Amino acid sequence: MDAVSRVYGKGQGAVAALREVSVNIAQGTFTAVMGPSGSGKSTFLHCAAGLDTPTSGTVRLGDTDLTGMDETKLTRLRRQRVGFVFQAFNLISSLTVLENITLPLRLAGARPDKAWLGEIVRRVGLEGRTDRRPAQLSGGQQQRVALARALATRPEVIFGDEPTGALDTMTARDVLTLLRETVDDMGQTVVMVTHDPVAASYADTVLFLADGRIVDVMGAPTSDKIAERMTRLGAWN
């Protein structure tokens, strides 16, 4: 991402959600994005993932420049090269676990790799549950389905938007551990927006946003250091 700005509205009512943000996220790393409400976290994620188009600047995924792409090309890119995990698990209730996991592949007209599917089902702890419907699963299990779905296409990067926001503390820890393992064991790249210092402490690096700008970068984060930095940003009183 190079000098990315995103402005909503025009003239007097224009609001700058991102202001000339430049950042390079290395492959095989886990990055958390934090900041006060209204700091630009979601806009950052949406621009990085090709869900929103910057007003200016460039966004790249590997060697591909997303900035000039039309919606058809962006949709194809998101389907084939990007995985998403959201706070609301976004599963389709009428489909089984396995059908939910393989949905991105089917939409892309690709044939599932059975060995790879078996591997990710095992890794996320859903063996023996692949024929169930989402309503038959706990919240944590549903988020595991969402993570498996994100991994199904072997994406270059997984974007998480508050992926543990709807989970209790213990379940959130399990999902964060799984995300961490996808980075450490599978070489996955993860970028996660979160408001939770404990969740962010699982990352290699934390980016802090305020007023649409990256104001700090923290390596080797701990939840205490993150919370202290967020307090100084005025996120919490």
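Residues numbered from 1 in each chain as written. Predicted model: local features only at pLDDT ≥ 70, side-chain atom pairs only at ≥ 80, totals over all residues. Heavy atoms only, no water.

Caption draft 1: Summary view of helix α2 (residues 71-81). Among all positions in α2, only Leu 74, Leu 77, Arg 78 and Arg 81 are buried. One side of α2 holds all its buried residues, which, seen down the axis, span an arc of 105°. Lining the buried residues of α2 we find β5 (60-61), β6 (64-65), β7 (82-86) and β8 (157-161). With a side-chain oxygen positioned 3.2 Å from the backbone nitrogen of Thr 72, the residue opening α2 is Asp 70. (Buried < 20%, exposed > 50% of the residue type's maximum accessible area, 1.4 Å probe, protein only. Helix = DSSP H or I, 4+ residues; strand = E, 2+ residues; numbered from the N terminus. Arc of directions from axis to C-beta. Contact = heavy atoms within 4.5 Å. Polar contact = N/O pair within 3.5 Å; in protein donor to acceptor, adjacent residues only side chain to side chain.)

Caption draft 2: Summary view of the nonpolar core. Core analysis: the biggest nonpolar cluster contains 44 residues, and Phe 30, Ile 101, Ile 120, Leu 147, Val 206, Phe 208 and Ile 226 have the highest contact counts within it. Filtering out sequence-adjacent residues up to four positions away, Ile 101 remains in contact with Leu 117, Ile 120, Val 121, Leu 126, Val 145, Ala 148, Arg 149 and Ala 152. Core analysis: the second largest hydrophobic core is formed by 24 residues, Met 1, Cys 47, Val 157 and Leu 209 among them. (Core = buried A, V, L, I, M, F, W, Y, C linked by side-chain atoms within 4.5 Å.)

Caption draft 3: Focus on the packing of helix α3 (residues 97-107) against helix α4 (residues 114-123). One can describe the packing of α3 onto α4 by two numbers: an axis separation of 12 Å at closest approach and a directional angle of 120°. As far as their axial angle goes, α4 and α3 are oblique. Here α3 runs over α4; the crossing is right-handed. Residues Leu 98, Ile 101 and Thr 102 of α3 form the contact with α4, whose participating residues are Leu 117, Ile 120 and Val 121. Its residues assigned to classes, the contact of α3 with α4 shows five nonpolar, one polar and no charged. (Axes fitted to C-alpha atoms, helices over the stretch in contact; angles between N-to-C directions. Parallel < 35°, antiparallel > 145°, perpendicular 65-115°, else oblique. Left-handed = near helix turned anticlockwise from the far one by under 90°. Nonpolar A, V, L, I, M, F, W, Y, C, P; charged D, E, K, R; others polar.)

Caption draft 4: Spatial organisation of helix α8 (residues 223-232). Listed in full, the buried residues belonging to α8 are Ile 226, Arg 229 and Met 230. The buried residues of α8 occupy an angular sector of 100° when the element is viewed end-on, so they sit on one face. Of the exposed residues in α8, those oriented more than 90 degrees away from the buried face are Asp 224 and Arg 232. Buried residues along α8 sit in contact with β3 (30-34), α7 (197-200), β10 (205-210) and β11 (213-219).

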